[in-house]
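Results of the structural survey
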Amino acid sequence: MAPVDPHSYTDGAHPVTSHAALAFYLDFAASTIHASALVTLSAPHTGDLLLDTRALAVHSAATASPDSPAPIPFSLAADDDPVLGTALTLTLPPDTASFLLTFSTSPAASALQWLAPPQTASGLPFVFSQCQSIHARSVFPCHDTPAARITYSLLLNVPAQLSAVAAARHVARRDPVPSDHSGACDDALWCAPGRIVEEFEMAQCVPPYLFAFAAGGIGSRDLGPRTRVYAEGGDTLLDDAAREFAGVEDMVKVGESLFGPYEWERFDLLVLPPSFPYGGMENPRMVFLTPTVIKGDAAGAQVVAHELAHSWTGNLITNKTNEDFWLNEGFTTYAERRIVEVVQGEERAALNSGIGWRGLNRMMERFKDNMEFTKLKPKMAGIDPDDVYSEVPYEKGFQFLWRIERQIGRPAFDEFLKKYIANFKFQSIDTETFLEFLKANVPGIENQVDLHEWINGTGLPPDAMEPESATYKKICVLAAEFKSGKIPSEEEVADWSGQEWELYLENLPTDVEASQVTALDERYKLSESRDYEVKVAFLQLAIPTGCRCYFNEVEKCLKQVGRMKYLRPLYSSLARCSGEEEKMLAKRIFSEAQEFYHPIARGVAESILLKHG
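What you see is a predicted model; the values in this text were computed from it and never measured.

Considering the pairing of strand E11 (residues 195-206)
Relative to E11, strand E8 (residues 150-159) runs antiparallel, the two being bridged by nine bridges. Among the inter-strand pairings, Leu154 is bridged to a residue of E11, identified as Phe200. In this sheet, E11 lies alongside strand E10 (residues 169-174) in antiparallel orientation, the contact comprising five bridges. By the bridge assignment for E11, Ala172 is matched with Glu199.

Here's the deal with the nonpolar core
Ranked by size, the top nonpolar core spans 187 residues in total, and within it Phe24, Phe213, Phe245, Tyr420 and Phe434 carry the most contacts. For this core, the element with the highest residue contribution is helix H15 (residues 532-542), accounting for eight residues. Membership of the second largest hydrophobic core comes to eight residues, among which are Met363, Phe367, Phe373 and Val392.

A word on the side chain of Arg568
Relative to the elements of secondary structure, Arg568 occurs in helix H17 (residues 564-576). No salt bridge forms around the buried Arg568; measuring N to O, its nearest opposite-charge neighbour Asp387 is 6.8 Å away. Those residues in contact with Arg568 that sit more than four places away from it in its chain are Arg366, Asp386, Asp387, Tyr389, Val604 and Ile608.

Here we look at the sheet that holds strand E9 (residues 163-166)
Within the open sheet, the four strands sit side by side as E6-E7-E12-E9. Their pairing is antiparallel. Unpaired on one side and paired on the other, strand E6 (112-115) and E9 mark the two borders of the sheet. Strand-to-strand twist across the sheet, computed as the mean angle between neighbouring axes with direction ignored, equals 10°. Direction of pairing for E9 relative to strand E12 (residues 213-216): antiparallel, over a ladder of four bridges. Residue pairing for E12: Ala164 is matched across the bridge by Ala215.

Overview of the domain arrangement of the protein
Assigned domains within the protein: domain 1 (17-216), domain 2 (225-311), domain 3 (324-456) and domain 4 (470-612). Computed over C-alpha atoms, the centres of domain 3 and domain 4 are 28 Å apart. Opposite the 13 residues of domain 3 that make contact, domain 4 presents 15 residues. Across the domain 3 to domain 4 interface the summed buried area is about 1300 Å²; carbon plus sulfur atoms make up 46%. Summed over the three residues of domain 3 that lose the most area to domain 4, namely Leu351, Ile355 and Arg358, the buried surface amounts to 40% of that side. Inspection of the domain 3/domain 4 interface yields two salt bridges. Residue Arg362 is joined to Glu506 by a salt bridge in which the shortest nitrogen-to-oxygen separation is 3.6 Å. Linking domain 3 with domain 4 are six residue pairs in polar contact (both at pLDDT 80 or more), by the criterion used here. Of the residues in the side of domain 3 that touches domain 4, the class split is four nonpolar, two polar and seven charged.

A look at the packing of aromatic side chains
Counted under the stated rule, the structure contains 45 aromatic pairs. With a centroid separation of 6.0 Å and an interplanar angle of 70°, the aromatic rings of Phe24 and Phe213 are classed as edge-to-face. Of this pair, Phe24 sits in strand E1 (residues 17-27) while Phe213 sits in strand E12, and the two are 189 residues apart along the sequence. Its relative accessible area of 0% is what places Phe24 among the buried residues. Aromatic side chains Tyr571 and Phe590 sit 6.2 Å apart centroid to centroid with 80° between the ring planes, which places their arrangement in the edge-to-face category. Placement of Tyr571 in helix H17 and of Phe590 in helix H18 (residues 580-593) is noted, with a sequence separation of 19 residues between them. With respect to burial, Tyr571 and Phe590 carry one shared label: buried.

A look at the UniProt feature "binding site: a peptide" (unreviewed entry) in the protein
UniProt records the feature "binding site: a peptide" (unreviewed entry) for Gln130, Cys131, Gln132, Pro277, Tyr278, Gly279, Gly280, Met281, Glu282, Arg563, Met564 and Lys565 in the present numbering. Residue position: Pro277 is located in the loop between strand E15 (268-271) and strand E16 (280-281). Within the fold, Tyr278 resides in the loop between E15 and E16. If we skip the residues at most four places from it in the chain, Tyr278 touches Gln130, Gln132, Thr290, Asp386, Tyr389, Arg563, Met564 and Ile600.

Looking at unusual backbone geometry
A cis amide bond links Gln132 to the next residue, Ser133, at an omega of 5°. Within the element layout of this structure, Ser133 appears in the loop between strand E7 (126-129) and E8. In this structure, Arg285 takes a positive phi of about 75° despite not being glycine. Along the polypeptide, Arg285 turns up in the loop between E16 and strand E17 (286-289).

Calculation criteria
- Residues numbered from 1 in each chain as written.
- Predicted model: local features only at pLDDT ≥ 70, side-chain atom pairs only at ≥ 80, totals over all residues.
- Heavy atoms only, no water.
- Pairing = 2+ DSSP bridges.
- Helix = DSSP H or I, 4+ residues; strand = E, 2+ residues; numbered from the N terminus.
- Core = buried A, V, L, I, M, F, W, Y, C linked by side-chain atoms within 4.5 Å.
- Buried < 20%, exposed > 50% of the residue type's maximum accessible area, 1.4 Å probe, protein only.
- Lys, Arg positive; Asp, Glu negative; His and termini not counted.
- Salt bridge = Lys/Arg side-chain N within 4 Å of Asp/Glu carboxyl O.
- Contact = heavy atoms within 4.5 Å.
- Axes fitted to C-alpha atoms, helices over the stretch in contact; angles between N-to-C directions.
- Domains from an automatic or database assignment.
- Buried area = accessible area lost by both parts, 1.4 Å probe.
- Polar contact = N/O pair within 3.5 Å; in protein donor to acceptor, adjacent residues only side chain to side chain.
- Nonpolar A, V, L, I, M, F, W, Y, C, P; charged D, E, K, R; others polar.
- Phe/Tyr/Trp six-rings, centres within 6.5 Å; stacked < 30°, edge-to-face > 60°.
- UniProt positions renumbered as here; feature names shortened; annotations may be inferred.

Right, dumping it as structure tokens:
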């Protein structure tokens, strides 16, 4: 076997999936999808073919001949790998180019969260997928590696009172017909009264982790000629979202001016329920967002800028494996800040970079006992990507690209960036391919920047640079003065938004006194902030000081929002405390809130509590 990816059973000597025609019957009562997949390979194949699965029940496999389909022998491996899931082996007859699978998902599918009516704002059931990094295999059997790009069609059979969206072109909303489902379920179930089919088509090839859909009580508002916001939560949330993201169409135009044509036709946004585990997910044509980015001051547009930037770096050019994840996120963080610089100004972009610099230094501390994960290209065999997800590929990757820009100048770097995107679009590449392209197009760069140290070295290279801006410096000075008891005056913070407060809080010394923390909060009510970035940064500061008066706010936060950016620091802060009261609080909150969390977030919180006892 020639594995192409440490996180997939895919054999590099065999063809991979090039197209999947998927039919999904969504059974909300059972939290299960009954499905079929007509799989087309990149080349005909004879003999064993391996696919990735996780907790899937595979019912049948057959040749795709419509006249005389023949059963295909298949088997699921006896052992489940805790990271990879279960290998599905098909024994294909000679020169098989396509085949049909029928299967069902598990209620515990790691990519899916099913929300019952009491858990939603609309009072209707809701389901959404989150397939990054290696969770598509829990939705359908696939070559679940970004090295294997696919096109797909998707039929979602849902109750008629619901609507569905997907990261694909919407073709039709129509009545189900028996010929749709290809054995996903029986005709009576597929065509039952009160069911509707939403049909989608994705003609551009994407890695499997960008497969995405959602279904529930979803409404929408137009933002521009190719932008629309969708949400589960009613008119008020939609109105708030439309105001927050009003400038998205202009952002797309800025992205095109910087990076070349926008290749995905539409850039729509879906605001998900609060349990969504990420800030945003860059699914092409339909970005998924947490409602916590809606802050009422357009600051959430910066998360959107990041997901938009992925339209070029990550979606158009994709990392070949998770060991090359910085190619997605480092480039996108750089591109995001270039968009923000045009839309909101240089100071705002520099402030973003300052927050990122602080976060990167925090990650160096987090991984001080396992410096492998401070590399841009770490070895990941046997490692669950969710367990080591961090700001390193984002911020160290940004620092690397910024270092090259400083060396050759922005005009030359911009020319390189456009050439890079045009050359590799709709491809998945590794770090070595990028470096070869860099050296070929920027002659002598390897003599000016230590490329090996940046990619393979641990920690921060000596030529990494703290960002410079007047606002950033002022905030850092004020944060340093806090140690001696100085709280910033109302005049000094008069023009601060959430980002300024976030940067201030994250630069405060960790060994502050409880009295200082409470005095700061009494003046500025940070623990009650509607901006979760501020609220969580403050609570993370307060927990180690023993300020038990904030435990109620910590509990509310952990029970209201399932975003891992907030769960990870709050559970970690509680679990690391020396006192038993904090540890017991963390365990009680988790036991009461875990059904609210997406499976990915639940696993992360569990591992934190397990690690710190």
